[in-house]
Amino acid sequence: MTRSLNELRPVYVVGIGWHRYQNPSETPYVELGLTAIRAALADARIEWPAVESTYVATALLGMASGRPMLRHLGATGAPLMHVENASASGSTAFRHACIEVASGISDVALAIGVDKRNPVRRPDTGIGNLAEDAIVPFTHFALLTNEYAVRHNASTEDIARVAVKNHRNGAKNPNAQRQQERTLDEVLGGKKVSGSLTSLQCTPIGEGAAAVIVASEDGIRRLGIDAGRAIRTTASVGRSERVYPPGAGFDAALTKETADLALAQAKLTPKDLDIIELHDAFTVEELHYIESIGLCPEGHGVRMLKDGALDIGGQCAINPSGGLIAMGHPIGPTGIGQIGEIVMQLRGEAGPRQHGGARIGLAHMVGVGAVCYVHILQR
Amino acid sequence: MQPNKLLKPGLYSAASHDQAGAIVRLKGGRCRCGYVFFPMQTYGCERCGSHGDALTPCELSAKGTLLAEATVHLHADKNRPAPFTIVKVALDDGPVIRTLLAEDSAPVAPGQRVSGRLAAIGQNESGETVLDLRFSIAS
Ligand SMILES: [Zn+2]
């Protein structure tokens, strides 16, 4: 008989840490990763030997890059696994760390995401294509933007407001790659990229690291961890793309399927969510995904955005971290950084970007449209 | 006079080989379950997983309805200098494809009828005119 995460023993996030997401630099990835891990250990107030298992999320670094990093924490011999799942690498690593603790195999596990910008190598499937060499991610999303705008009678300005909000949130986040507020004119007037997308509506790929430590109740007791700051993971769902009707937006359809399962697992409805961190690599995605998650009917996202319902302090704060657009998207760390942001918010420790009274948060990531992960965290 | 050469003969065929602008047929496939896909492959059906004899080649008409367009202003690949326009087209025969808009096409918008033709895109080392698929507003 199969079980979902919340039917196993409870698993809690007890430590979070980052190395700031930033523009590409000379800093070695080992330094980025160790900074995040040591911050997470300090946050949990535990020592490295307490970590029984590590999941390292990277997409761009190369083979088994975790080992040369972790050895500098003192080589304990604990198991180590490398995870690559495109943009969702970090979310996938977090899910497996949770599963390991929930199953009882470990009491304490670490998920660490670290990456530096490197050329992406795509696998050769042997199947030809008409023009895939001309379609990079921002063009895929420029096409979706055009479709959304026409179908829902939304203007370029309407969609660009997502970037204004997320830059405003990112300006208050010391871990964000972009920490500057932007006006709608600045967003629209920036460099044109593809379709109506401008550079400030697209995620900046940089570098950085994020770490979270998860623990069981046994681990929390044994290590004397402050249970009052522990945040429970109440749902974890991973899905992959199916064949949808011709012309259906597969990114949105896959998100709907995954989010529905996660909400059912946590016995919640979209109205219960105080915070959502979602994959806003491009502005139109945020509208697609809040609609897919069920925050509002299809095509109504723009109205919520304009009404301030998606702001910090609004009905549901979307991407209070700044999201991929402002916080950045170093790939490996991104999904783990989302978990960290939600934990900080649910603890009430998010400072100037705190969403008041936050009790329930949802983290969502897609990876090249083909995989989707949703986690729900509750205080 | 050298003959024309198709850039991607595995993906489409020309009704007539002697002139640029020739009518094109797309090389798709059909599964026993009814699923129609592009391009043809023999690995297996995405919908039901059948392979082998279940998959047979079928020609698809290059006519369809435009779902979306995006003019690319920035593209790192030097072999594909910007600007150029990508179109997403729901073919009348089922599959949705993403491909290039003809450079001489009038501007397009979602909902419009479009069709693909073979267009000359340059010459190869043997002096043959190279033809590739391009979409434009259906005539
Ligand atoms: Zn089939």
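Everything discussed here concerns the structure shown above.
Residues numbered from 1 in each chain as written. Chains lettered and ligands numbered in written order. Predicted model: local features only at pLDDT ≥ 70, side-chain atom pairs only at ≥ 80, totals over all residues. Heavy atoms only, no water.

J.: What am I meant to see in the overall build of chain A here?
T.: Across its full length, chain A holds 12 helices and 12 strands. The C-alpha atoms of chain A give a radius of gyration of 19 Å, which matches the 21 Å a tight globule of 379 residues would have. Projected onto its principal axes, the C-alpha positions of chain A cover 55 × 45 × 45 Å. With 379 residues in all, chain A has 60% of them scored as buried. Within chain A, residue pairs in contact and separated by at least 24 positions form 78% of the contacts whose partners lie at least 6 positions apart. One way to put it: in chain A the 36 positive side-chain charges average out to a point 3 Å from where the 39 negative ones average out. (Helix = DSSP H or I, 4+ residues; strand = E, 2+ residues; numbered from the N terminus. Rg over C-alpha atoms; globule rule 2.2 N^0.38 Å. Buried < 20%, exposed > 50% of the residue type's maximum accessible area, 1.4 Å probe, protein only. Contact = heavy atoms within 4.5 Å. Lys, Arg positive; Asp, Glu negative; His and termini not counted. Charge placed at Lys NZ, Arg CZ, Asp CG, Glu CD.)

J.: Just checking my understanding: could you explain the pattern of salt bridges for this structure?
T.: Close approach of charged atoms lets side chains of opposite charge pair. Residues and elements named next belong to chain A. Tallied over the full model, the rule gives 26 salt bridges over all chains. For the salt bridge of R151 with E147, the shortest nitrogen-to-oxygen distance reads 3.7 Å. Here R151 and its partner E147 are both found in helix α4 (residues 137-152), 4 residues apart, which amounts to about one turn of the helix. Look at E147 and you get buried, because its relative accessible area is 8%. A single salt-bridge network, built from bridges that share partners, covers R9, E52, D107, D218, R221 and R222. (Salt bridge = Lys/Arg side-chain N within 4 Å of Asp/Glu carboxyl O.)

J.: Would you mind going over the environment of A:Q265 with me for this structure?
T.: All names here are of chain A. Summarising the element assignment, Q265 is placed in helix α8 (residues 250-265). The exposure class of Q265 is buried, given its relative accessible area of 11%. A sequence separation of 55 residues divides Q265 from P320, and the C-alpha atoms of the two residues are 24 Å apart. Residues in contact with Q265, not counting those within four places in the same chain, are S4, L5, N6, T234, A235, S236 and V237.

J.: Where do I start with the sheet that holds strand β12 (residues 371-378) of chain A in this structure?
T.: Two strands in a sheet stick together by hydrogen bonds in their backbones, pointing the same way (parallel) or opposite ways (antiparallel). Reading across from one edge, β3-β2-β4-β7-β1-β8-β12-β11-β9-β10 (chain A) is the order of the 10 strands in this open sheet, with mixed pairing throughout. Two strands in the sheet have a free side with no partner beyond their single neighbour: β3 (80-83) and β10 (317-318) of chain A. (Pairing = 2+ DSSP bridges.)

J.: Where do I start with the interface of chain A and chain B in this structure?
T.: A common measure of how large an interface is: the accessible area buried when the components associate. Contacts between chain A and chain B engage 29 residues on the former and 32 residues on the latter. Around 2,600 Å² of area is buried between chain A and chain B when both sides are counted, 63% of it from carbon and sulfur atoms. Among the residues of chain A in contact with chain B, A:L130, A:L143 and A:V243 are the three that bury the most area, contributing 27% of the side total. Linking chain A to chain B there are 3 salt bridges. Put simply, B:R80 and A:D133 hold a salt bridge, and the shortest N to O gap is 2.9 Å. Linking chain A to chain B there are 12 residue pairs in polar contact (both at pLDDT 80 or more). Elements that contribute at least two residues to the side of chain A that touches chain B include exactly α4 and β5 (192-194) of chain A. For the side of chain A that touches chain B, a count of residues per class yields 14 nonpolar, 10 polar and 5 charged. (Buried area = accessible area lost by both parts, 1.4 Å probe. Polar contact = N/O pair within 3.5 Å; in protein donor to acceptor, adjacent residues only side chain to side chain. Nonpolar A, V, L, I, M, F, W, Y, C, P; charged D, E, K, R; others polar.)

J.: Hey, could you run me through the state of the cysteines in this one?
T.: Each disulfide is one covalent bond, formed between the sulfur atoms of two cysteines. All names here are of chain B. By the definition in use, this model includes 0 disulfides over all chains. Sulfur of C58: no disulfide; nearest cysteine sulfur belongs to C31 and is 11 Å away. The exposure class of C58 is buried, given its relative accessible area of 18%. (Disulfide = S-S within 2.5 Å.)

J.: Got a minute to help me understand helix α1 (residues 29-44) of chain A in this structure?
T.: Side chains three or four residues apart in an α-helix point the same way, a direct result of the helix having 3.6 residues per turn. Residue and element names in this part refer to chain A. Spanning 16 residues, α1 covers 23 Å between terminal C-alpha atoms, matching the ideal 22 Å at 1.5 Å per step. Contact partners of the buried residues in α1: β1 (11-22), α2 (67-70), β4 (108-115), β7 (207-216) and α12 (334-347). Where α1 terminates, the next one or two residues include R45, which has phi positive at roughly 55°. (Expected span 1.5 Å × (residues − 1).)

J.: Would you take a moment to explain the coordination of the zinc ion for this structure?
T.: Each pair of donors in an ideal four-coordinate tetrahedral metal site encloses 109.5 degrees, whereas pairs in an ideal six-coordinate octahedral site enclose 90 or 180 degrees. Residues and elements named next belong to chain B. Of the protein atoms, only C31 (SG), C33 (SG), C45 (SG) and C48 (SG) coordinate the zinc ion, at distances of 2.3 Å. One can describe the donor arrangement at the zinc ion as tetrahedral, given that its 4 donor atoms subtend angles of 104 to 115° at the metal. Between consecutive donor residues of the zinc ion, the sequence gaps follow C-x1-C-x11-C-x2-C. The class for C31 is buried, based on a relative accessible area of 3%. By relative accessible area, which is 31% here, C33 ends up partly exposed. (Donors = N, O, S within 2.8 Å, 3.2 Å for Na, K, Ca; no water. Tetrahedral: all angles 85-135°; square planar, octahedral: opposite > 155°, others 65-115°.)

By themselves, these are just geometric observations and shouldn't be taken as functional.
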